[in-house]
Amino acid sequence: MQCAELEIHSLTAELESLKNPQGLGLSSHLDGLREENAKLKYRLNVLKRSLQEERSQCSKTMMNINQRLQEIFGEAIREACPDLENPPLAVTPNQQAKFGDYQCNSAMAMAQMMKSKGLKVNPRQIAENIQQNIPDNELIEKTEIAGPGFINVHLKRSFVSKLLTNLLLNGVQPPPLESKKKVVVDFSSPNIAKEMHVGHLRSTIIGDSMCRLFEFLGYDVLRLNHVGDWGTQFGMLIAHLQDKFPNYLTVSPPIGDLQAFYKESKKRFDEEEDFKKRAYQCVVKLQSKDPAFIKGWNLICDVSRNEFQKVYNCLDIQIIERGESFYQEKMTAVVKEFEAKGLVEMDEGRKIVFAPGQQIPLTVVKSDGGYTYDTSDLAALRHRLFDEKADIIIYVTDSGQGTHFQVVFAAAQMIGWYDPNVTRVEHAGFGVVLGEDKKKFKTRSGDTVRLMDLLDEGLKRSMEKLKEKDRDKVLSTEDLTKAQRSVAFGCIKYADLSHNRINDYVFSFDKMLDDRGNTAAYLLYAFTRIRSIARLANIDEAALRKAAETTEVLLEHDKEWKLGKCLLRFPEILQKILDDLLLHTLCDYLYELATTFTEFYDSCYCIEKDRQTGEVVKVNMWRMLLCDATAAIMAKGFDILGINPVSRM
């Protein structure tokens, strides 16, 4: 199909050149050119019909309907206004069913473009020209022009039905990728010897969900944890380790509370001059790779890793640690590369780099000869570009680091490491977590909230909620525990992801565990109910599979049609998130899907029962298939969000 599309573009361009024979040779060749033109047109039409037939048979993957409509209208616009360079293309789902299913809004913007060139054309006339040039296609039933030039699009119900059958037979398969790109996502990134706190929660949840999205769409994803595992603080930690556990080289020290251990060493560092001097000596020994000091450093890192892993196990996070220490030996080469290109300036003993358009410089070497976060981040970026050969690099940190990354990216472009038109390097920033008092989320004593304490509280609250609904009376102990974890961690993740990541958000267990409105609790209960419909009608997966192969999905009722279209919007929702990395769009879509399903289920009988006995007397199988398709899309949406629904709740 892709080869055919390329040939269509090539033939179209050749046809355009043949329309104007001037400069192509002698006029005696005109008849020959016309004959060649007719042959090309014939070949072009054959290819278009062939491509349309392939599409109408439906591939195993889901079709992005919006993208396909953009292709159709893009071709119509080029035919209608061949002289207009880069005409705007706007196709969106219609918000009101009475106006059709989608809408092309390009005519008004095209009229504005023409007006700026001195051509006054009525946008409605432009819309009519576009409408007349819509090519034959598998998707559109009819189009209507409304208002100043909106083109309302009505989809073919038969084709939408085929797409739904394809979904049921092949599962939720993303549209094919043009090429499999390498993606690096840098997220979570806690500091060794410090507790993970609520700030790390956002980076961990958002970063994991982004990885899941890229992985589902077929990209090669590397999940990196850029932990803070190097620096002067390790000098004081090792010095304190030597004093508190002098035999640490032979007997593993029982450091139970690393946070308390860190506070003790910091207090001594601030108050004891001799300890401070020894701490600096320990840093030198560590940087020179003295085996005893490397062992002490590893012991401290291992204690932290074990604590981090408890959080990652709760939240089902897969991530590869590659901390600041990994890039230490690469930093010298980075500084030399900037120096060799004359991009380093001296400033009071520091070596700094100014990037174009940036007011703040990067400090690549401190006045004492040490490296900085700037140097470390440049080395990390270079490694990801040249060694990992990444096509897309996403940094998921708080918005406060936005300026820093902007300068790092600008410096990398200045030195020629990457072209932003070819390689996507982006900072996906997020706002802070607030308490219900709208201030930074803290404990009552004013301390930062420990992440494990927060997750434990979530488990406690979710169990209370389940018992409130008497689920402990109908579920086995094992199923109740599964439901508890699903609700607790699902609600915490969804509360974060359902807000625009750029904004701050208020953390409230009461709101996130509420089973009304756009919450994980509501969606998880809705999903469980949808999955139970077939079970209550004694229809197993094999029967549903057979029905998908033999039963047409009818979309005659308005609510059936609305649900069918909503289901098929899934690929365009994912494409939008791929473009802007705003995951709340998926949450909004899942909530819309759940409420659309409720409308359908309330209006359309899937199962008809005897009013006296309660026995099932009729199953409307095409509607059962719509239930199955809804569950499949919701399950995949949950998977991308990192939420684990359970079959019984």
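The shown structure was predicted, so the numbers you read here are calculated from the model rather than taken from an experiment. (Residues numbered from 1 in each chain as written. Predicted model: local features only at pLDDT ≥ 70, side-chain atom pairs only at ≥ 80, totals over all residues. Heavy atoms only, no water.)

A.B. asks: Can you tell me about the pairing of strand β4 (residues 150-155), naming the residues and giving the values?
C.D. replies: Among the six residues in β4, five count as buried, and that is most of the element. The pairing of strand β2 (residues 102-104) with β4 spans three bridges and is antiparallel. Looking across to β4, one finds that C104 is bridged to I151. In the sheet, strand β3 (residues 140-146) pairs with β4 via six bridges, with the strands oriented antiparallel. Looking at the pairing, E144 lines up with N152 of β4. Turn length for the β3-β4 hairpin, with the two strands adjacent in sequence and antiparallel, is three residues, and the turn residue G147 shows positive phi of about 55°. (Buried < 20%, exposed > 50% of the residue type's maximum accessible area, 1.4 Å probe, protein only. Helix = DSSP H or I, 4+ residues; strand = E, 2+ residues; numbered from the N terminus. Pairing = 2+ DSSP bridges.)

A.B. asks: So, empty space enclosed by the protein: which residues are in play, and what are the values?
C.D. replies: Inspection of the entire model under this criterion finds two cavities of 30 Å³ or more. Reported here for the largest cavity is a volume of approximately 60 Å³. Along its surface, the largest cavity is lined by E195, M196, E307, F308, V311, R450, L451 and M452. Sorting the residues of the lining of the largest cavity by element identifies α11 (291-315) and α15 (451-468) as the ones contributing at least two each. Ranked by the residues each element gives to the lining of the largest cavity, the list is headed by α11, at three residues. A per-class count over the lining of the largest cavity returns five nonpolar, no polar and three charged. Roughly 40 Å³ of internal volume is contained in the second largest cavity. If you trace the second largest cavity, you find it lined by R202, I206, D496, L497, H499, R501, L582, L583 and H584. Mapped by element, the contributors of at least two residues to the lining of the second largest cavity are α7 (198-216) and α16 (477-497). For the lining of the second largest cavity, the per-class residue count stands at four nonpolar, two polar and three charged. (1 Å grid on protein atoms, 1.4 Å probe; cavity = no way out; pocket = protein on both sides within 12 Å on 5 of 7 lines; lining within 4 Å. Points joined across faces, edges and corners; volume = space filled by probe spheres on them. Nonpolar A, V, L, I, M, F, W, Y, C, P; charged D, E, K, R; others polar.)

A.B. asks: Give a description of the environment of D257 that names residues and reports values.
C.D. replies: With respect to the helices, strands and loops of the structure, D257 is situated in the loop between α8 (233-244) and α9 (258-271). Reaching out from D257, the side chain makes a polar contact with the backbone nitrogen of A260 at a distance of 3.2 Å. (Polar contact = N/O pair within 3.5 Å; in protein donor to acceptor, adjacent residues only side chain to side chain.)

A.B. asks: Outline the environment of S161, listing residues and values.
C.D. replies: With respect to the helices and strands, the residue S161 is situated in helix α6 (residues 157-170). Sequence separation between S161 and I77 is 84 residues, and the spatial gap between their C-alpha atoms is 28 Å. If we ignore the near neighbours within four places in the chain, the residues touching S161 are E552, V553 and L555. (Contact = heavy atoms within 4.5 Å.)

A.B. asks: So what's going on with the packing of aromatic side chains? Which residues, and what values?
C.D. replies: Inspection of every chain in the model, using the stated rule, returns 16 aromatic pairs. Between F214 and Y219, the aromatic rings sit 5.3 Å apart at their centres with planes inclined by 90°, giving edge-to-face as the arrangement. Y219 matches F214 in its accessibility class, with the two residues each being buried. Summarising the aromatic geometry, the rings of F269 and Y280 are spaced 5.8 Å apart at their centres and angled 70° between planes, so their arrangement reads as edge-to-face. Linking F269 in helix α9 with Y280 in helix α10 (residues 273-287), this pair joins segments that are eleven residues apart in sequence. The rings of F216, F570 and Y589 are connected pair by pair, giving a single aromatic cluster. Against the face of F326 rests K330, its NZ or CZ located 5.0 Å from the ring centre. (Phe/Tyr/Trp six-rings, centres within 6.5 Å; stacked < 30°, edge-to-face > 60°. Lys NZ or Arg CZ within 6 Å of the ring centre and 35° of its normal.)

A.B. asks: Tell me about the sheet that holds β3, residues and numbers included.
C.D. replies: Strand order in the open sheet made by the four strands is β1-β2-β4-β3, with antiparallel pairing throughout. Pairing within the sheet leaves two strands with one partner each, and these edge strands are β1 (91-93) and β3. Going across the sheet, the axis of each strand differs from the next one's by a mean of 25°, ignoring polarity. In this sheet, β2 lies alongside β1 in antiparallel orientation, the contact comprising three bridges. By the bridge assignment for β2, V91 is matched with C104. Where helix α5 (residues 123-132) meets the sheet, its contacts fall on β3 and β4, and the angle it forms with β3 comes to roughly 165°. (Axes fitted to C-alpha atoms, helices over the stretch in contact; angles between N-to-C directions.)

A.B. asks: Describe the sheet that holds strand β5 (residues 182-186), naming the residues involved and giving the relevant values.
C.D. replies: Sheet architecture is open: five strands sit in the order β7-β6-β5-β11-β12, paired in parallel fashion. Strands with a single pairing partner mark the edges of an open sheet, and in this sheet they are β7 (320-321) and β12 (424-427). Note that β5 and strand β11 (residues 392-395) share four bridges and pair parallel. Looking at the pairing, V183 lines up with I392 of β11. Strands β5, β6 (220-225) and β11 of the sheet are contacted by α7, whose axis makes an angle of about 165° with β6. The sheet contacts of helix α13 (residues 373-386) involve β5, β6, β11 and β12, and relative to β11 the element is tilted by about 150°.

A.B. asks: Describe the packing of α7 against helix α23 (residues 621-641), and please don't skip the residues or the numbers.
C.D. replies: Close contact between α7 and α23 brings their axes to 7 Å; oriented N to C, the two are set at 130°. Considering their axes alone, α7 and α23 lie oblique with respect to each other. Only K636, D639, I640 and L641 of α23 make contact with α7, whose side of the interface consists of S209, R212, L213 and F216. Of the residues contributing to the contact of α7 with α23, the split by class is four nonpolar, one polar and three charged. (Parallel < 35°, antiparallel > 145°, perpendicular 65-115°, else oblique.)

A.B. asks: Run through the nonpolar core, naming residues and quoting values.
C.D. replies: Proteins that are soluble and globular tend to have nonpolar side chains buried together. Core analysis: the largest hydrophobic core is formed by 169 residues, its most contacted members being L69, F507, F570 and L586. The element best represented in this core is α11, accounting for twelve residues. What L586 contacts, discounting residues up to four positions off in sequence, is F570, I573, L574, I577, G637, I640 and L641. Counting residues in each nonpolar core, the second largest holds 32 residues, with L378, L381, L385 and F409 among its members. (Core = buried A, V, L, I, M, F, W, Y, C linked by side-chain atoms within 4.5 Å.)

These figures capture arrangement, not role.
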